[in-house]
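Residue-level listing of the chains:
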Amino acid sequence: MTQSIYDILKERDLIKQITFEDEFKKLGENEKFSVYLGIDPTADSIHIGHFIPLMMMSYFQKCGHRPIILIGGGTAFIGDPSGKTDMRKMLSKEDISKNVDNIIKQVSKFVSFEGENSAIIVNNGDWILDLNYMDFIRTYGVYFNVNRMLDAECFKQRMEKGLTFFELNYMLMQSYDFLHLFEEKGCKVQIGGDDQWSNMLAGVDLIRKIHKNGSFCVTCPLLLNSEGKKMGKTVSGALWLDASKTSPYEFYQYWRNIGDKEVYDVLRMLTFIPMDEVKRLASLPGEEINEAKKIAAFEITKLIHGEDEAIKAEEASKALFEGTGSLENMPTIKIENTNISIVDAIILAEIAPSKGQARTLISQGGISLNDKKIEDITYMLCDNDFENGYAILKKGKKVFYKLEK
């Protein structure tokens, strides 16, 4: 018997919160429907925070349901206040348009735009930007209780510094998106990260007040490390899905270096590996767990950057850590002058954001050059350091850069 979408999500523990669970379960067993995921184009790339909802969307499509990817070309003019202590930067129309184009390319790695239940992309700017505000508030504002809105988790962090009326509109707009897709596309389900629960719940509530039934929302858990902190942060910032912002090698190394306790969650949430194999890999004893990390890193990198890039990243990792493979594909920094200071080299490789922090890393014993620890903060690189035409700059045990002249 083919698994329903509910069964798959439950098996992989991808449901954090859900509305009308029994009703949703029956819907998934008896009917094919449309499901939407919203992504605001506030950056020119999506990051690891979007990964799990997109994996969920992929499972929906594999079960025969139609994905709708909603790009928030309209709501991006406001910016979601969820999880933010400050108001988001307002973007220009040109920035938003450029970001939308880039995001569409990345989404295609998770869902197919061909076949009977081919995914579709919509831009809420097509219906939000032409709204008559007075008509909108008069028609839909009556369905929103301000006291309940202010009690929502998504607004709590903003309350301390002051929540603007401008931002308060975001919940209304996102709820209207769901209503619009429900009425125009027959969309019955919204999915998203658990930090979106309040906004998504408001959309379900709006539809059920107007149409009495038929709407659901499902959130996925956030990807957390063993300390309960969000995963996806690197030395240089967020872990992006765009190769120009986070290289395939850096992307691969991030997953290769996860903690032992994080292997199970990463494999079940970010790969399509069957759960029996996920459990086997996550339970490998001692040093053998590193094989599971290599598999996780390869599978995730292959999904985002393709098999060729995953193989290159794997080869570079083997060359650095196992003495096999090729250094050709590791992150490389071209330098014009080999006679530069170690501090400048660290800044050039973006290992540290400032000279002060670079000096601190050196003084704490965190920097090596060609496997020799650098202790002198005034050290100057020279031709001898580039004996093979390159030098290997290393931070700690896991961050490597090839300095190439």
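By convention here, each chain's residues receive numbers from 1 onward along its written sequence. Reporting in this predicted model follows two pLDDT cut-offs: at least 70 for local features of residues, and 80 or more for side-chain atom pairs to be given and counted; totals over whole chains, interfaces and linings ignore these cut-offs and use all residues. Values reported for side chains reflect all heavy atoms of the structure, with hydrogen atoms and water molecules removed beforehand.

**Observations concerning the pairing of strand β2 (residues 34-39)**
Part 1 of the argument: Summary of the burial criterion: residues with accessible area below 20% of their type's maximum are buried, those above 50% are exposed, and those between are partly exposed, where the area comes from a 1.4 Å probe applied to protein chains only. Strands here are runs of E lasting at least two residues and helices are runs of H or I lasting at least four, both read from the DSSP assignment and numbered beginning at the N terminus. A large share of β2 lies buried, amounting to five of its six residues.
Part 2 of the argument: Here β2 runs beside strand β3 (residues 66-71); their pairing, made up of six bridges, is parallel. Paired with tyrosine 36 across the two strands is isoleucine 68, which belongs to β3.
Part 3 of the argument: Consider the strands pointing away from the viewer: the crossover is right-handed when the path from the first strand over the helix to the second runs clockwise. Note that the unit made of β2, helix α3 (residues 51-62) and β3 has a crossover that is right-handed.
Part 4 of the argument: Two strands qualify as a pair provided DSSP detects at least 2 bridges between them. Pairing analysis gives four bridges linking β2 to strand β5 (residues 187-193), with the strands arranged parallel. Each bridged residue has a counterpart across the sheet, and for leucine 37 the counterpart in β5 is isoleucine 191.

**Observations concerning the state of the cysteines**
A covalent bond between the sulfur atoms of two cysteines is what we call a disulfide.
Part 1 of the argument: The rule for a disulfide is simple: a pair of cysteine sulfur atoms within 2.5 Å. Across all of its chains, the model carries zero disulfides by this definition.
Part 2 of the argument: Not part of a disulfide, cysteine 217 finds its nearest cysteine sulfur in cysteine 187, a span of 11 Å.

**Topic: the packing of aromatic side chains**
Part 1 of the argument: In summary, the pairing rule links any two rings of Phe, Tyr or Trp, Trp by its six-membered ring, whose centres are within 6.5 Å, and it sorts them by plane angle into stacked for under 30 degrees, edge-to-face for over 60 and tilted for everything else. Summed over all chains, the structure comprises 13 aromatic pairs.
Part 2 of the argument: With a centroid separation of 5.3 Å and 80° between ring planes, the pair formed by phenylalanine 51 and phenylalanine 110 is classed as edge-to-face. Of this pair, phenylalanine 51 sits in helix α3 while phenylalanine 110 sits in the loop between α4 (93-107) and β4 (120-123), and the two are 59 residues apart along the sequence.
Part 3 of the argument: On the basis of relative accessibility, which here comes to 0%, the residue phenylalanine 51 falls in the buried class.
Part 4 of the argument: Geometrically, the ring pair formed by phenylalanine 136 and tyrosine 176 is edge-to-face, given 5.4 Å between the ring centres and 90° between the ring planes. On the criterion of sequence distance, the pair formed by phenylalanine 136 in helix α6 (residues 133-140) and tyrosine 176 in helix α9 (residues 165-185) is long-range, its members being 40 residues apart.
Part 5 of the argument: You can call tyrosine 176 buried: its relative accessible area is 12%.
Part 6 of the argument: Feature note: the residues Tyr6, Phe20, Phe24, Phe33, Phe60 and Phe216 constitute an aromatic cluster, connected by ring pairs.
Part 7 of the argument: The ring of phenylalanine 20 carries arginine 208 above its face, with NZ or CZ at 3.6 Å from the centroid.
Part 8 of the argument: Here the guanidinium or amino end of lysine 245 rests over the ring plane of tryptophan 240, the centre of that ring lying 4.7 Å away. Only lysine NZ and arginine CZ atoms are considered, and such an atom sits over a ring when it is within 6 Å of the ring centre and within 35 degrees of the ring normal.

**Topic: the sheet that holds strand β9 (residues 332-334)**
Part 1 of the argument: Read across the sheet, five strands follow the order β9-β13-β12-β10-β11 without closing on themselves; strand pairing throughout is mixed. In this open sheet, the two strands that pair with only one neighbour each are β9 and β11 (372-373).
Part 2 of the argument: The pairing of strand β10 (residues 367-369) with β11 spans two bridges and is antiparallel. Bridge pairing in β11 links serine 368 to lysine 373.

**What to know about the pattern of salt bridges**
Part 1 of the argument: For this document, the term salt bridge refers to a Lys or Arg side-chain nitrogen within 4 Å of an Asp or Glu carboxyl oxygen. Applying the stated criterion across every chain yields a total of 14 salt bridges.
Part 2 of the argument: Taking the shortest distance from any N to any O, the salt bridge between glutamate 299 and lysine 302 comes out at 3.7 Å. In this pair, glutamate 299 and lysine 302 are both assigned in helix α14 (residues 289-305), three residues apart and thus about one turn of the helix distant.
Part 3 of the argument: Judged by its relative accessible area of 27%, glutamate 299 falls in the partly exposed class.

Fair warning: the whole summary comes from geometry, so function is off the table for now.
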